[in-house]
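Single-letter residue listing:
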Amino acid sequence: MSIEEQLKELDNNMQDAKHFIDIKESTLKLFKNREFKKVVLDYYFKEEAARLVMAKSSALTEDQKKLIDNMIYGIGALSNFFDSVLTRGMQAEQAYREDENAKTEILQEDLS
């Protein structure tokens, strides 16, 4: 692979990494937003989850129990989504730094 091709590949990788870093940063901003914290992080993830667990212990039909289970799974799925966005963003930051270092090394070797 030529130096130009290596640099182009690194640039493409860095652009991809920037996308995931941006998504991570936007997620962190959401977490700091007062209304988001109030509605999603505090109410939905805590109060609604507790309400659904309590509702499941009452006399319900099988269909109602399945509906509540699905609602509980939805809360967990959204939480897992946020976790994966943050993890992928951190991985992208590391990959970006590594690609940046590799790019610098290639350019320095080319000048030698």
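Placed above this text is the structure.
Residues numbered from 1 in each chain as written. Predicted model: local features only at pLDDT ≥ 70, side-chain atom pairs only at ≥ 80, totals over all residues. Heavy atoms only, no water.

Draft legend 1. Layout of the overall build of the protein chain. Per the secondary structure count, the protein chain includes three helices and zero strands. Counting helices and strands in the order they occur from the N terminus, the protein chain gives α-α-α. Compactness check: the protein chain gives a C-alpha radius of gyration of 22 Å against a globular reference of 13 Å for 112 residues, more than 25% above the reference. With respect to the three principal axes, the spread of C-alpha positions in the protein chain is 75 × 30 × 15 Å. Long-range contacts, defined as pairs at least 24 residues apart, comprise 76% of the intrachain contacts of the protein chain with a sequence gap of at least 6. (Helix = DSSP H or I, 4+ residues; strand = E, 2+ residues; numbered from the N terminus. Rg over C-alpha atoms; globule rule 2.2 N^0.38 Å. Contact = heavy atoms within 4.5 Å.)

Draft legend 2. Quick peek at the nonpolar core. Listed in full, the eight residues of the largest apolar core are F36, V40, L41, F45, L52, I68, I75 and F82. For this core, the elements supplying multiple residues, two or more each, are α2 (34-56) and α3 (62-111). The leading source of residues in this core is α2, at five residues. Setting aside its immediate chain neighbours within four residues, F82 contacts T27, F31, F36, V40 and F45. (Core = buried A, V, L, I, M, F, W, Y, C linked by side-chain atoms within 4.5 Å. Buried < 20%, exposed > 50% of the residue type's maximum accessible area, 1.4 Å probe, protein only.)

Draft legend 3. Seen up close, α3. For α3, spanning 50 residues, the distance from its first C-alpha to its last is 71 Å, which sits close to the expected 74 Å at 1.5 Å a residue. Along α3, the residues classified as buried are I68, D69, I75, F82, V85, L86, G89, A92, Y96, D99 and I106. Lining the buried residues of α3 we find α1 (3-32) and α2. (Expected span 1.5 Å × (residues − 1).)

Draft legend 4. Structural view of the packing of aromatic side chains. As enumerated under the stated definition, the model contains six aromatic pairs in all. Through a chain of ring-to-ring contacts, three or more aromatic side chains come together here, namely F31, F36, Y44, F45, F81 and F82. (Phe/Tyr/Trp six-rings, centres within 6.5 Å; stacked < 30°, edge-to-face > 60°.)

Draft legend 5. Spotlight on the pattern of salt bridges. According to the stated counting rule, one finds eight salt bridges in the structure shown. The salt bridge involving K24 is made with E25; its shortest N-O contact spans 3.3 Å. On the basis of relative accessibility, which here comes to 9%, the residue K24 falls in the buried class. For E25, a relative accessible area of 32% puts it in the partly exposed group. The residue E48 makes a salt bridge to R51 at a minimum N-O spacing of 2.8 Å. With E48 and R51 both in helix α2 and three residues apart, this pair spans about one turn of that helix. (Salt bridge = Lys/Arg side-chain N within 4 Å of Asp/Glu carboxyl O.)

Draft legend 6. View of the environment of D110. When you line up the elements, D110 lands in helix α3. The sequence separation of D110 and K37 amounts to 73 residues, and the corresponding C-alpha distance is 50 Å.

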